[in-house]
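# Descriptive structure summary
Spelled out from the first residue to the last, the chains are:
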Amino acid sequence: MIDDPLTVRPEVNSEQVGRAQGIYASASQSEISFLMAFNLFFTEGKYNGSTLSILGRNSIFSGIREMPVVGGSGLFRFARGYAKAKTYMVNLKTNDAIVEYDVYVFHY
Ligand SMILES: *[C@@H]1O[C@H](CO)[C@@H](O)[C@H](O)[C@H]1NC(C)=O
């Protein structure tokens, strides 16, 4: 299970605008690739309380991983789109990572 801070910039002390909450599981026998099922839960400004739901495949050692945005809630009702994830930093000693998500959605 994950409940990670969602920040504006990649720096650890950057302004937090939400949480990335959900699950991921190893789902490949030939490489390290995850099934991701998680919500971007926003906690600031006009999107406070709204969510975007992501369900997709994350081959974590690939440069850019595209995952579908399958829906949303609140101001993101009926959202459809995609996210592009890119690893910004990994610390294999502490198992910490910072990942940049560029998210593109249509919504009402
Ligand atoms: C976000 O919404 C929650 C629940 O309504 C509220 O408690 C909180 O104060 C809000 N946060 C901001 C920054 O507006």
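Described below are features of the structure shown in this document. From a predicted model like this one, the values you see are computed outputs, not experimental measurements.

What counts as what
Residues numbered from 1 in each chain as written. Predicted model: local features only at pLDDT ≥ 70, side-chain atom pairs only at ≥ 80, totals over all residues. Heavy atoms only, no water. Helix = DSSP H or I, 4+ residues; strand = E, 2+ residues; numbered from the N terminus. Rg over C-alpha atoms; globule rule 2.2 N^0.38 Å. Buried < 20%, exposed > 50% of the residue type's maximum accessible area, 1.4 Å probe, protein only. Contact = heavy atoms within 4.5 Å. Areas by Shrake-Rupley, 256 points an atom, 1.4 Å probe, with all protein chains shown as cover. Lys, Arg positive; Asp, Glu negative; His and termini not counted. Charge placed at Lys NZ, Arg CZ, Asp CG, Glu CD. Near = heavy atom within 4 Å. Polar contact = N/O pair within 3.5 Å; in protein donor to acceptor, adjacent residues only side chain to side chain. Core = buried A, V, L, I, M, F, W, Y, C linked by side-chain atoms within 4.5 Å. Phe/Tyr/Trp six-rings, centres within 6.5 Å; stacked < 30°, edge-to-face > 60°.

All right, on to the overall build of the protein chain then. Scanning the protein chain from terminus to terminus reveals 0 helices and 7 strands. Listing the helices and strands of the protein chain from first to last along the sequence gives β-β-β-β-β-β-β. A globule of 108 residues ought to have a C-alpha radius of gyration of about 13 Å, and the protein chain, at 14 Å, matches this closely. When each of the 108 residues of the protein chain is scored for burial, the buried share is 28%. By sequence separation, contacts in the protein chain at least 24 residues apart represent 30% of the contacts at least 6 residues apart. Total accessible area computed for the protein chain in this model is approximately 7,400 Å², and 54% of it derives from carbon and sulfur atoms. Computed over 10 positive and 10 negative side-chain charges, the separation of the two mean positions in the protein chain equals 5 Å.

Our next topic: the site of the ligand. If you check the shell around the ligand, you find Thr-43, Glu-44 and Asn-48 and nothing else. In this structure, Asn-48 approaches the ligand through a side-chain N or O atom, which is 2.4 Å from an oxygen atom. In isolation the ligand has 360 Å² of accessible area, and contact with the protein removes 26% of it.

A word on the nonpolar core. One finds Phe-38, Leu-40, Phe-42, Leu-52 and Ile-54 to be the most contacted residues of the largest nonpolar core, which totals 16 residues. Every element with two or more residues in this core is listed here: β1 (2–7), β3 (33–42), β4 (51–59), β5 (64–73) and β6 (80–91). Broken down by element, this core gets its largest block of residues, 5 residues, from β3. What Phe-42 contacts, discounting residues up to four positions off in sequence, is Leu-6, Val-17, Gly-18, Tyr-47, Asn-48, Gly-49, Ser-50, Leu-52 and Phe-76.

So, about the environment of Ile-64. Inspection of the secondary structure puts Ile-64 in strand β5. Distance from Ile-64 to Tyr-108, taken between C-alpha atoms, is 28 Å for residues 44 residues apart in sequence. Those residues in contact with Ile-64 that sit more than four places away from it in its chain are Lys-84, Ala-85 and Lys-86.

Time to look at the packing of aromatic side chains. We describe a pair of aromatic rings using the distance from one ring centre to the other and the angle between the two ring planes. Taken as a whole and judged by the stated rule, the model has 7 aromatic pairs. Where Phe-38 meets Tyr-101, the ring centres are 5.7 Å apart and the plane angle is 70 degrees; that geometry is what we call edge-to-face. Taken together, the residues span a long stretch of sequence, with Phe-38 in strand β3 and Tyr-101 in strand β7 (residues 96–106) at a distance of 63 residues. A relative accessible area of 24% places Tyr-101 in the partly exposed class. Considering the side-chain rings of Phe-78 and Tyr-108, the 5.4 Å spacing of their centres and the 80 degrees angle between planes classify their relative orientation as edge-to-face. In this pair, Phe-78 sits in the loop between β5 and β6 while Tyr-108 sits in the segment after β7, placing the two residues 30 residues apart along the sequence. Exposure class is identical for Phe-78 and Tyr-108. Each is exposed.

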